[in-house]
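# Inside the fold
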Amino acid sequence: MKTVKTADLKAHLSEHLHYVRGGRSITVLSHNTPVAQLVPPEREEATRIRQPLAHCRSLQDVALPPPLALGMDIVELLLEERQGER
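Residues numbered from 1 in each chain as written. Predicted model: local features only at pLDDT ≥ 70, side-chain atom pairs only at ≥ 80, totals over all residues. Heavy atoms only, no water.

### Regarding the overall build of the protein
Across its full length, the protein holds four helices and three strands. The linear arrangement of helices and strands in the protein, starting from the amino end, is β-α-α-β-β-α-α. Its C-alpha atoms give the protein a radius of gyration of 22 Å, clearly above 12 Å, the size a compact globule of 86 residues would have. Taken along the three principal axes of its C-alpha coordinates, the protein extends 50 × 50 × 20 Å. Looking at the protein as a whole, 9% of its 86 residues are labelled buried. Considering only contacts within the protein whose residues lie at least 6 apart along the sequence, 27% involve residues at least 24 apart. Averaging the locations of the 11 positively and 11 negatively charged side chains of the protein gives two centres separated by 9 Å. (Helix = DSSP H or I, 4+ residues; strand = E, 2+ residues; numbered from the N terminus. Rg over C-alpha atoms; globule rule 2.2 N^0.38 Å. Buried < 20%, exposed > 50% of the residue type's maximum accessible area, 1.4 Å probe, protein only. Contact = heavy atoms within 4.5 Å. Lys, Arg positive; Asp, Glu negative; His and termini not counted. Charge placed at Lys NZ, Arg CZ, Asp CG, Glu CD.)

### Here we look at the sheet that holds strand β1 (residues 2–5)
Strand pairing in a sheet takes place through backbone hydrogen bonds and is either antiparallel or parallel in direction. Strand order in the open sheet made by the three strands is β1-β2-β3, with mixed pairing throughout. Edge positions in the sheet fall to β1 and β3 (33–38), since each has one partner strand and no second. For this sheet, the mean inter-axis angle between neighbouring strands, taken without regard to orientation, is 35 degrees. Bridge analysis of strand β2 (residues 26–30) against β3 gives five bridges, and the strand direction is antiparallel. If you follow Ser 30 over to β3, its bridge partner there is Thr 33. (Pairing = 2+ DSSP bridges. Axes fitted to C-alpha atoms, helices over the stretch in contact; angles between N-to-C directions.)

### Thoughts on the side chain of Thr 27
Within the element layout of this structure, Thr 27 appears in strand β2. For Thr 27, a relative accessible area of 9% corresponds to the buried category. Excluding residues that lie within four positions of it along the chain, Thr 27 makes contacts with Met 1, Lys 2, Thr 3, Val 4, Pro 34, Ala 36 and Gln 37.

### Examining the environment of Arg 21
By secondary structure assignment, the location of Arg 21 is in helix α2 (residues 13–21). Residue classification places Arg 21 among the exposed residues on the basis of a relative accessible area of 59%.

### Things to note about the nonpolar core
Ranked by size, the top nonpolar core spans five residues in total: Val 4, Leu 9, Val 20, Ile 26 and Val 28. Once you skip the residues sitting within four places of it in the chain, Val 28 turns out to touch Val 4, Thr 6, Leu 9, Thr 33, Pro 34, Val 35, Ala 36 and Leu 38. (Core = buried A, V, L, I, M, F, W, Y, C linked by side-chain atoms within 4.5 Å.)

Next comes the structure, spelled out in structure tokens:
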């Protein structure tokens, strides 16, 4: 089984997921201690598609809730928050 450190997993996540998609497992290490395992999903569960229940309404028929009255521009708030992260 392949082992990777958390920093390497974050830096190369797509490559490691491709490795797992190939049917192999990876053990994730934090300070040289195993903390998680990435394993491929069981084929049956990965491809099972459940049909909607007959008595359920279509999502297109569900009304959206009214917008919240926040008293501020949500886009400005989001931009301020993003600029503060740098």
